[in-house]
Every structure is written in C-alpha cells, then in structure tokens.
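Next come the chains, spelled out residue by residue.
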Amino acid sequence: MTGEIELSIPVRVDYVQLVRAVVGSLASTNPELSTARIADLRLVISEALTNAIRAQEKNSISERLTVLCKLTDSAIEVEVRDKATGFEVDLIPDLPPTESPERLQHERGLGLSIMREMSDGLEIESGPEGTVVHMTINSQNSNNS
Amino acid sequence: MKLEIHRSVEGKNVFLGLIGDLDMAGAPVLRQSIVKEVSQGNIFLVLDFAGVHFIDSSGLGSIIGGLRRVRSNQGNLFLVGVDDELQKIFRLCELDKIFKMDSNRETFSG
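Everything in this summary refers to the structure shown in the same document. Please read these numbers as outputs of a predicted model, since none were measured by experiment.

### What about the packing of helix 2 (residues 35-58) of chain A against helix 3 (residues 84-92) of chain B?
Helix-helix packing is described using two parameters, namely the angle between the two axes and the distance between the axes. Helix 3 of chain B packs onto helix 2 of chain A with a crossing angle of 55° between their chain directions and a minimal axis gap of 12 Å. Comparing the axis directions of helix 2 of chain A and helix 3 of chain B gives the class oblique. For the pair helix 2 of chain A and helix 3 of chain B, the sense of crossing is right-handed. On helix 3 of chain B, the residues that touch Ala36(A), Ala39(A), Asp40(A) and Leu43(A) of helix 2 of chain A are Glu85(B), Lys88(B) and Ile89(B). Of the residues assigned to the contact of helix 2 of chain A with helix 3 of chain B, the class counts are four nonpolar, no polar and three charged.

Right, here's the structure in full:
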C-alpha cells in the first residue's frame, strides 16, 4: 500500500505521542516494514518533533508544526517543518566521551545522532524562516540491524 | 498516555515503576520524581522499565540527570526491566556503559 498524510499540530508536547501513533499506524499498513523499522520510525519522528517544539517554544512562536508522511512500497519518508529561527547543524557541539564524568552534565544533545543512526537518509534545511527535517526509513535498514 | 510512576520501597532502594512513554512529555514527570526522592534523602533508586516501551533522547536525558543527582549525593541509580528495543537505543547512545542494567528486579531487592 502507498499513501500520504499531512498533519498540522499545535506546539504542544502531548501531541508528539499522537503523531507517533498516527505515523506508526500508517507505516504498519506496509507489510514490508518490520516492527523494528516502525519502532525506528517512531523514534526519529519523536526526535524531530521534539526539536521543532523546543525551537518554537524558545522563540515563542505558536504557529502549527507540519508533519508530512509518504509511504511507498519500499520506504516511508517523513518531513517535519517548523517556523522557528533555524540553527547551524555544523555548530552543534559534540558530547563529552561516555566514560567522562562530565558526560552526566549533558542531558541533551542525543537527538540528532539518533536521527542519523536510525534513519536511512537525513536532510536538514534550516534558516531564519524555519527548519525542514526530511528522513527516510527503508524497509531494509542500511545503518544497523 | 502520560507517564505514571508507581513507588515502592525495598530495603535501602526506592523502586520507581514507570508506566507509559518516556519522551518529551514523560521526562519532566520522571525528573520531578527523582528530584523529590533525592531531596528526601533517597539516593538509591531503581527505575523499573517493565511498563515502558518507548524512550527517546528526552527520556534518556531525564535518567542521565537522575544519575547525576544521586551520584552527587553518593547514591546510585539502577535500571531494571529494559526491553530489547530500548536496550538497542541505550547501546546506540553508548549509555549502556554508564547505567547499571539488570533484567531481574530481584537483584536490587531487599
């Protein structure tokens, strides 16, 4: 089955779970996508939405977020759009090494690496008008088993 | 479903049984619970993940903060009941090197 949905959601944390459920349900209609791959999908969309909500909250922007989801025979593509003021992906600092005591000082900073690892394609376009995060989840994971 | 926390005490350990998703909405609930326990002198905490089937970076952040809080008070924080899917995420983020995890709750009882 193929299909496409577009969700327009308020900037509220309690909607993240709802979007995960809706997108996961759409993905589950494709028998080629395993339960593990759908779990990966739910995780990356949660990360992208979390970042979008934080960015708009930080800038006090109440415009709705947009989530696009396109299901093909071999993959699912998701796109999360926000209207915040953007960020420089290359300027995000690395976390301290795991074994370092300093690592416990950092509660944030894992989302982007999770999206990179769990998706089969990640594109981020960010500027003063907002950010678009585009991710692809193939039925067969090219990054991990 | 909003994260629920069921509290019980076994010996010196306080068990916090988590039920629900540990995400951007659930993380502050856990964070507040841990802050409250530490402020009451309960510095040996066991988080029971048997009722958690989703965690993201926000949830991971809340338990990293929890570990920092108990360790700064000479305590510790342990995880039990973490399913395979969640363990995959801990390994991906190399947090399996930081947290002591055990599949058996009894390890920390008594």
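### What about the interface of chain B and chain A?
Each side of the interface is counted separately: chain B has 29 residues, and chain A has 26 residues. Summing both sides of the interface, chain B and chain A together bury roughly 2,400 Å²; the carbon and sulfur share of this comes to 59%. Applying the counting rule to chain B against chain A returns six salt bridges. Residues Lys97(B) and Glu99(A) are paired through a salt bridge, measuring 3.9 Å at the closest nitrogen-oxygen approach. Scanning the region where chain B abuts chain A turns up 11 residue pairs in polar contact (both at pLDDT 80 or more). Elements with a minimum of two residues in the side of chain B that touches chain A: helix 2 (57-71) and helix 3 of chain B. By residue number, the principal contributor to the side of chain B that touches chain A is helix 2 of chain B, which donates 11 residues. Per-class residue counts for the side of chain B that touches chain A are 13 nonpolar, five polar and 11 charged.

### A few points about the environment of Asn30(A)
All names here are of chain A. Secondary-structure assignment places Asn30 in the loop between helix 1 (14-27) and helix 2. Of the residues examined, Asn30 reaches a relative accessible area of 2% and is grouped as buried. Put simply, Asn30 and Asp73 are 43 residues apart on the chain and 7.1 Å apart in space, counted from C-alpha to C-alpha. Residues in contact with Asn30, not counting those within four places in the same chain, are Leu71, Thr72, Asp73 and Ser74. From its side chain, Asn30 meets the backbone oxygen of Thr72 in a polar contact 2.9 Å long.

### Description of the nonpolar core
Counting 64 residues, the largest nonpolar core has Phe49(B), Leu60(B) and Phe99(B) as the members making the most contacts within it. The leading source of residues in this core is helix 2 of chain A, at nine residues. Listed in part, the five residues of the second largest apolar core include Val46(B), Phe78(B), Val80(B) and Phe108(B).

Calculation rules
Residues numbered from 1 in each chain as written. Chains lettered and ligands numbered in written order. Predicted model: local features only at pLDDT ≥ 70, side-chain atom pairs only at ≥ 80, totals over all residues. Heavy atoms only, no water. Axes fitted to C-alpha atoms, helices over the stretch in contact; angles between N-to-C directions. Helix = DSSP H or I, 4+ residues; strand = E, 2+ residues; numbered from the N terminus. Parallel < 35°, antiparallel > 145°, perpendicular 65-115°, else oblique. Left-handed = near helix turned anticlockwise from the far one by under 90°. Contact = heavy atoms within 4.5 Å. Nonpolar A, V, L, I, M, F, W, Y, C, P; charged D, E, K, R; others polar. Buried area = accessible area lost by both parts, 1.4 Å probe. Salt bridge = Lys/Arg side-chain N within 4 Å of Asp/Glu carboxyl O. Polar contact = N/O pair within 3.5 Å; in protein donor to acceptor, adjacent residues only side chain to side chain. Buried < 20%, exposed > 50% of the residue type's maximum accessible area, 1.4 Å probe, protein only. Core = buried A, V, L, I, M, F, W, Y, C linked by side-chain atoms within 4.5 Å.

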